[in-house]
Structure formats: C-alpha cells, structure tokens
Amino acid sequence: MSRRHGVLERVGPRWALRNIGRLPIRLPSSRMVFAGDEPVELPVGYTPMFIRSRSGREHIVEVRVAGPPDTGGSSYAGSTSHEPIWHLSTEEKLIMVVLGQRYLRQDAHPQPLSWRQVADELNELVPEQGWTTKRAEHVGVAVRKRLSQAGVAGLTRDEVGDPVGNALNHNLLLELVSSAILVPPDLRMLDDDEL
C-alpha cells in the first residue's frame, strides 16, 4: 500500500499490531483490528494481515515474529525439536479435510459440513471403519481442544458465546487453512483411490 496503515510495536516481551489507518486490518480467524483499538499481540511465527481498499482490492502484509533465542544449539532459528501442537494424525486430517472441503475448494462463503455429513462421507470413503456422527465429532472436538490449549482463540463456547452454531468449527478450519495445516491438494484424500 502507498501509505502507513499499521505499526508493529513492542508490548512487554511480545510484538503487537496497532492500526493507525482508517480501514480495519484483518488477521487470521477473521479478527479485525480497528483504529483506536488496543494493540493486538502477534503470535510467534507467521501472521498474514489483510487490508481491503475502498475499491475492494485486498492487500496482504506478511509478518514473521521470531521467538526467543534458540538455546538448543540449532543453527536455524525457526527449527524446532518437537512436533507442532497442531500436527494432525492421518485420521484427524481426513476428518478435517471432509469437514472443511468447502474452505479448501475456496468457496466464496464457506461453512463446515455437519457432523452427520462428515460421517456419511467418511462411510462412503472408508466403509469398513463404520463412522458414526458422534465418533467423527469426538475426533473434531479433540483437535479443537488441542489447538485451544495451544492458544488458538475462538475455539471454545466461552470465547464465542451463544448461539454457537458453526462458529467453533468455522474458526478451527480458518486456523488450519491459514496455518497451511490443510491445503487444497489435501482434497485428493476425498478420492477413493487415495485412501
């Protein structure tokens, strides 16, 4: 963009974003930062920020916040010695791909499938596994809980408030897609030949 719209500033030990423009800045999970808001702390790692111009054109600014100095002797500051908290097992990934296929197809206004639809589609893909609505939902809730405990916002009823509707699964899928845990090529998992 041709002008200053936001500022990154140090708030205690963390970096935060302050909007100094007139238009809001959209962060992952549809979090909006408006002028006059308190600075929003940015997580360690990659964060895309989107600014829509009055003409409707959307601009992206990508920020990578470094974590504390690496004390493990690694020569690459971004490397980790443990698996990311949001690693998905093969089963979890299949369920998330089925649940979030509209997001991966980049539908204009995607919504998650219902757990009944997920179970029905899983039974078509892998009939020998005998998927039920409750079983699929339990796996999805476990993924949501794990990410919530890792600090991902908008994944609990307390945070979202009533009526919840699809908000929890919607926020979960936004996180998985924006962090590239789920990517469009994962749709191949919905092909019988891929399982």
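Anything mentioned here points back to the structure above.
Residues numbered from 1 in each chain as written. Predicted model: local features only at pLDDT ≥ 70, side-chain atom pairs only at ≥ 80, totals over all residues. Heavy atoms only, no water.

Enquirer: For this particular structure, what's the right way to read the overall build of the chain?
Expert: The secondary structure content of the chain amounts to six helices and seven strands. The linear arrangement of helices and strands in the chain, starting from the amino end, is β-β-β-β-β-β-β-α-α-α-α-α-α. Across the 195 residues of the chain, 34% fall into the buried class. In the chain, of all internal contacts separated by at least 6 residues, the share reaching a separation of at least 24 is 45%. On the chain, roughly 12,000 Å² of surface is accessible, and the fraction owed to carbon and sulfur atoms is 50%. (Helix = DSSP H or I, 4+ residues; strand = E, 2+ residues; numbered from the N terminus. Buried < 20%, exposed > 50% of the residue type's maximum accessible area, 1.4 Å probe, protein only. Contact = heavy atoms within 4.5 Å. Areas by Shrake-Rupley, 256 points an atom, 1.4 Å probe, with all protein chains shown as cover.)

Enquirer: Could you clarify how one ought to interpret the pairing of strand S1 (residues 6-11) in this entry?
Expert: Looking down a regular strand, the side chains alternate between one sheet face and the other. In terms of strand pairing, S1 meets strand S2 (residues 14-19) through six bridges, oriented antiparallel. For Val11, the partnering residue across the bridge sits in S2 and is Arg14. Where S1 hands over to S2, the hairpin turn is made up of two residues, of which Gly12 adopts a positive phi near 65°. (Pairing = 2+ DSSP bridges.)

Enquirer: How do you make sense of the sheet that holds S1 when you look at a structure like this?
Expert: Paired through backbone hydrogen bonds, the strands of a sheet run either parallel or antiparallel to each other. Spatially, the three strands line up as an open sheet ordered S1-S2-S5, and their pairing is antiparallel. Lying at the two open borders of the sheet, with one neighbouring strand each, are S1 and strand S5 (40-41). Examined bridge by bridge, S2 and S5 share two bridges and lie antiparallel to one another. Within S5, the position partnered with Leu17 by the bridge is Val40.

Enquirer: Explanation requested: helix H1 (residues 90-99) in the structure shown.
Expert: A turn of α-helix holds 3.6 residues, and therefore any two residues three or four places apart point the same way. The buried fraction of H1 is high, at seven of 10 residues. Every buried residue of H1 is accounted for by Glu92, Leu94, Ile95, Met96, Val97, Val98 and Leu99. At its buried positions, H1 is contacted by helix H2 (101-104), helix H3 (115-125), helix H4 (133-149) and helix H6 (167-178).

Enquirer: Looking at this structure, I do not really get H3. What am I missing?
Expert: Among the residues of H3, Trp115, Val118, Ala119, Glu121, Leu122 and Leu125 are the ones counted as buried. The arc that holds the buried residues of H3, viewed along the axis, is 165°, so those residues lie on one side. Exposed side of H3, more than 90 degrees from the buried face: Arg116 and Glu124 are the residues found there. Where H3 is buried, its residues meet H1, H2, H4 and H6. (Arc of directions from axis to C-beta.)

Enquirer: Quick question: what am I supposed to make of the pairing of strand S7 (residues 58-65) here?
Expert: Where strand S6 (residues 45-52) lies against S7, eight bridges are found, and the strand directions are antiparallel. Looking at the pairing, Pro48 lines up with Glu62 of S7. Between the antiparallel neighbours S6 and S7 lie five residues, among them Gly56 with a positive phi of about 95°.

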